[in-house]
Amino acid sequence: MRISVIGCGYLGAVHAACMAKLGHDVVGIDVDERKIADLSAGHAPFFEPGLEQLLQEVQATGRLSFMTEMSAAEGSQVHFVCVGTPQKKGENAADLSYVDAAIAGLAPYLSPGDLVVGKSTVPVGTAARLSDVVKGAQPSSELMWNPEFLREGHAVTDTLQPDRLVYGVHDGSEEHPAVQILDRVYSGPLEAGTPRLVTDLPTAELVKTAANSFLATKISFINAMAELCDAAGANVSLLADAIGMDDRIGRKFLNAGIGFGGGCLPKDIRAFMARAGELGADQALTFLREVDAINMRRRTRVVELTRELCGGSLLGQRITVLGAAFKPQSDDVRDSPALSIAAQLQLQGAVVTVTDPEALGNAARRFPELHYEEFTEAAMNRADAVLLLTEWPEYRELDPYEAGALVSAKRVLDGRNALDARKWRAAGWTYRGLGRP
Ligand code: NAD
């Protein structure tokens, strides 16, 4: 099938490459000329495992191209909308201006029978509104919402082998002709057994925000337990192991630490609260305010613990922060708790050096005032305290004896409870975890 993918960021670039991998003819469209130049040259404009190889593999088949002009969408039968929906400045609500602009830009190029498929995460009610715009431009075209659940760091496999596909259609009916079109797009994963659920438009939009709210709640729940464990002298890692063995609870997403960040969870739960307020259902989501507050409290807690670790004052202390990305296997620093903590420490008088295997460029653009070191060893040189804030494998696997030879003072704060506390203590380090005695 001929497919256009509008917006080639973390979601769209992967989606475009994966649709070509599934055998379709794909054009990726983005207003960002630099991104399009990179992608056209077979370079991933951001770090995502497997993406660059996939881009090169599918570009060699001639089935994938990238353009900056929306007119390139003309002739495609299916148009995926993958543009950003960031938080509005100074408000909790989502900024829908990119989605609105993408649909308005696409409208003149729609042909009869075209299918527009929204993938961006949007507040419930957006799809119905955009459906009117699409129908107004091309009455025989259709709009569906097909939320995306990929995880950065696993985006390629999550797109090629999703754990479920959700199709939101106007009437919520499996018989809707658009369902058959999208089934042809996803025939590969469907034949491999991926479950597919057909819903109405609002349910499809809500599935995504509900899923993210649940994940955020699970993380904040265990972080609240970490606060209690700290107060009571208990161990949150063992607590998580024990409650996680109950399969109604499950162990995943129960790692206490510095909390969630990134381009999705924080802004999605806030936009969800804002939308619930507009719908008169704000009470239903007041708990998310607490989820957000617990999460933000983690960052202040780490700053306080670092101060304690440094003997009561941060002034002039050389602090090494291991990790800048919001999670390992990504270079995404949007709302990264690691960087937010690094910046707060610096503001409070510490001399902060940040290192990360992939995210330093993005980090330096966002926080130019911090000092960055490419190599872990150089970053740890003469440190008064080391903070592990993004659990990249190379940091988990650090040798405490070798690391001990680099620093001025053997103090480590394990913001992800990822290190073996006994091993680090045996090597002479003062070890602090979160919610661990
Ligand atoms: P992003 O900022 O990385 O990418 C958005 C892209 O859209 C940018 O490259 C931007 O230049 C482009 N764009 C903006 N306006 C455009 C226009 N009018 N025409 C063409 N291109 C335009 O964001 P992202 O992380 O890819 O997220 C995109 C959407 O997907 C968001 O709604 C997000 O919540 C959702 N989502 C993201 C992920 C993820 O892991 N990143 C997962 C699931 C859902």
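Residues numbered from 1 in each chain as written. Predicted model: local features only at pLDDT ≥ 70, side-chain atom pairs only at ≥ 80, totals over all residues. Heavy atoms only, no water.

## Regarding the overall build of the protein
Then step 1. When its secondary structure is counted, the protein shows 18 helices and 14 strands.
Then step 2. Its C-alpha atoms give the protein a radius of gyration of 23 Å, near enough to 22 Å, the size a compact globule of 437 residues would have.
Then step 3. If one aligns the C-alpha atoms of the protein with their principal axes, the spans along those axes are about 70 × 50 × 40 Å.
Then step 4. Residues counted as buried form 54% of the 437 residues belonging to the protein.
Then step 5. Long-range pairs, those at least 24 residues apart, make up 71% of the contacts in the protein between residues at least 6 apart in sequence.
Then step 6. Taken as a whole, the protein presents about 18,400 Å² of accessible surface, with 53% of it coming from carbon and sulfur.
Then step 7. Computed over 43 positive and 56 negative side-chain charges, the inter-centroid distance for the protein is 6 Å. (Helix = DSSP H or I, 4+ residues; strand = E, 2+ residues; numbered from the N terminus. Rg over C-alpha atoms; globule rule 2.2 N^0.38 Å. Buried < 20%, exposed > 50% of the residue type's maximum accessible area, 1.4 Å probe, protein only. Contact = heavy atoms within 4.5 Å. Areas by Shrake-Rupley, 256 points an atom, 1.4 Å probe, with all protein chains shown as cover. Lys, Arg positive; Asp, Glu negative; His and termini not counted. Charge placed at Lys NZ, Arg CZ, Asp CG, Glu CD.)

## A word on the site of the ligand
Then step 1. Close to the ligand lie 26 residues; Asp 30, Lys 35, Thr 85, Glu 152 and Lys 267 are nearest.
Then step 2. Within the backbone of Thr 121, an N or O atom sits 2.9 Å from an oxygen atom of the ligand.
Then step 3. Here Glu 152 contributes a side-chain N or O atom positioned 2.8 Å from a nitrogen atom of the ligand.
Then step 4. For the ligand, the accessible surface in isolation is 830 Å², of which the surrounding protein chains cover 89%.
Then step 5. Its residues placed into classes, the shell around the ligand shows twelve nonpolar, six polar and eight charged.
Then step 6. Shared between two domains, the shell around the ligand holds at least three residues of each, these being domain 1 (2-194) and domain 2 (234-437). (Near = heavy atom within 4 Å. Polar contact = N/O pair within 3.5 Å; in protein donor to acceptor, adjacent residues only side chain to side chain. Nonpolar A, V, L, I, M, F, W, Y, C, P; charged D, E, K, R; others polar. Domains from an automatic or database assignment.)

## Notes on the nonpolar core
Then step 1. Ranked by internal contacts, the top residues of the largest apolar core, which has 47 residues, are Ile 319, Leu 345, Val 352, Val 354 and Leu 387.
Then step 2. Looking at this core, the elements that each hand over two or more residues are helix 12 (286-309), strand 9 (318-322), helix 13 (337-347), strand 10 (351-355), helix 14 (360-366), strand 12 (385-388), strand 13 (411-414) and helix 18 (421-426).
Then step 3. Sort the elements by how many residues they give to this core and helix 13 lands first, with five residues.
Then step 4. Contacts of Leu 345, omitting those with residues within four sequence positions, involve Val 303, Thr 306, Leu 314, Ile 319, Ala 350, Val 352 and Leu 387.
Then step 5. Counting residues in hydrophobic clusters, the runner-up holds 44 residues, among them Met 19, Ala 155, Leu 160 and Ile 181. (Core = buried A, V, L, I, M, F, W, Y, C linked by side-chain atoms within 4.5 Å.)

## Side note on the environment of Pro 123
Then step 1. Checked against the element boundaries, Pro 123 lands in the loop between strand 5 (115-118) and helix 5 (126-137).
Then step 2. When the C-alpha atoms of Pro 123 and Asp 282 are compared, they prove to be 14 Å apart, with 159 residues separating the residues in sequence.
Then step 3. If we skip the residues at most four places from it in the chain, Pro 123 touches Ala 94, Leu 96, Glu 205 and Arg 275.

## Notes on the domain arrangement of the protein
Then step 1. Domain annotation for the protein reports domain 1 (2-194) and domain 2 (234-437).
Then step 2. Using C-alpha coordinates to define each centre, domain 1 is positioned 33 Å away from domain 2.
Then step 3. In this complex, domain 1 contributes 17 residues to the contact, which on the side of domain 2 involves 17 residues.
Then step 4. Around 1,400 Å² of area is buried between domain 1 and domain 2 when both sides are counted, 52% of it from carbon and sulfur atoms. (Buried area = accessible area lost by both parts, 1.4 Å probe.)

## Quick notes on the layout of surface pockets
Then step 1. Quantified by volume, the second largest pocket comes out at close to 160 Å³.
Then step 2. If you trace the second largest pocket, you find 13 residues lining it, with Ala 94, Leu 96, Pro 123, Arg 275 and Glu 278 closest to the centre.
Then step 3. Contributions of two or more residues to the lining of the second largest pocket are made by helix 5 and helix 11 (265-278).
Then step 4. When residues in the lining of the second largest pocket are grouped by element, the largest group, four residues, is from helix 11.
Then step 5. Of the residues assigned to the lining of the second largest pocket, the class counts are seven nonpolar, two polar and four charged.
Then step 6. For the lining of the second largest pocket, the domains that each give at least three residues are domain 1 (2-194) and domain 2 (234-437). (1 Å grid on protein atoms, 1.4 Å probe; cavity = no way out; pocket = protein on both sides within 12 Å on 5 of 7 lines; lining within 4 Å. Points joined across faces, edges and corners; volume = space filled by probe spheres on them.)

## Observations regarding helix 10 (residues 236-244)
Then step 1. Turning to helix 10, its buried residues are Val 236, Ser 237, Ala 240 and Gly 244. Taken end-on, helix 10 shows its buried residues confined to a sector of 105°, consistent with a single buried face. Opposite its buried face, helix 10 presents the exposed residues Leu 238 and Ala 242, each directed more than 90 degrees away.
Then step 2. Buried positions along helix 10 lie against helix 9 (201-232).
Then step 3. The opening residue of helix 10, the one whose side-chain oxygen lies 2.9 Å from the backbone nitrogen of Ser 237, is Asn 235. (Arc of directions from axis to C-beta.)

## Things to note about empty space enclosed by the protein
Then step 1. This structure, assessed with the given rule, holds one cavity of 30 Å³ or more.
Then step 2. The leading source of residues in the lining of the largest cavity is helix 11, at four residues.
Then step 3. Class assignment for the residues of the lining of the largest cavity results in five nonpolar, three polar and two charged.
Then step 4. Two domains each provide a minimum of three residues to the lining of the largest cavity, namely domain 1 (2-194) and domain 2 (234-437).

## Focus: the pairing of strand 6 (residues 142-145)
Then step 1. The two faces of strand 6 match: Glu 142 and Met 144 on one face and Leu 143 and Trp 145 on the other face are all buried.
Then step 2. Pairing analysis gives four bridges linking strand 5 to strand 6, with the strands arranged parallel. By the bridge assignment, Val 116 is partnered in strand 6 with Leu 143.
Then step 3. Note on the crossover from strand 5 through helix 5 to strand 6: the handedness is right-handed. (Pairing = 2+ DSSP bridges. Right-handed = clockwise from strand over helix to strand, strands pointing away.)

## Examining the sheet that holds strand 14 (residues 430-432)
Then step 1. Read across the open sheet, the six strands follow the order 11-10-9-12-13-14; overall the sheet is parallel. The open sheet has two edge strands with one neighbour each: strand 11 (371-372) and strand 14.
Then step 2. Relative to strand 11, strand 10 is paired through two bridges, and the arrangement is parallel. In the sheet register, Thr 353 faces strand 11, and the bridge partner there is His 371.
Then step 3. Against the sheet, helix 13 contacts strand 9, strand 10, strand 11 and strand 12, and its axis sits at roughly 160° relative to strand 10. (Axes fitted to C-alpha atoms, helices over the stretch in contact; angles between N-to-C directions.)

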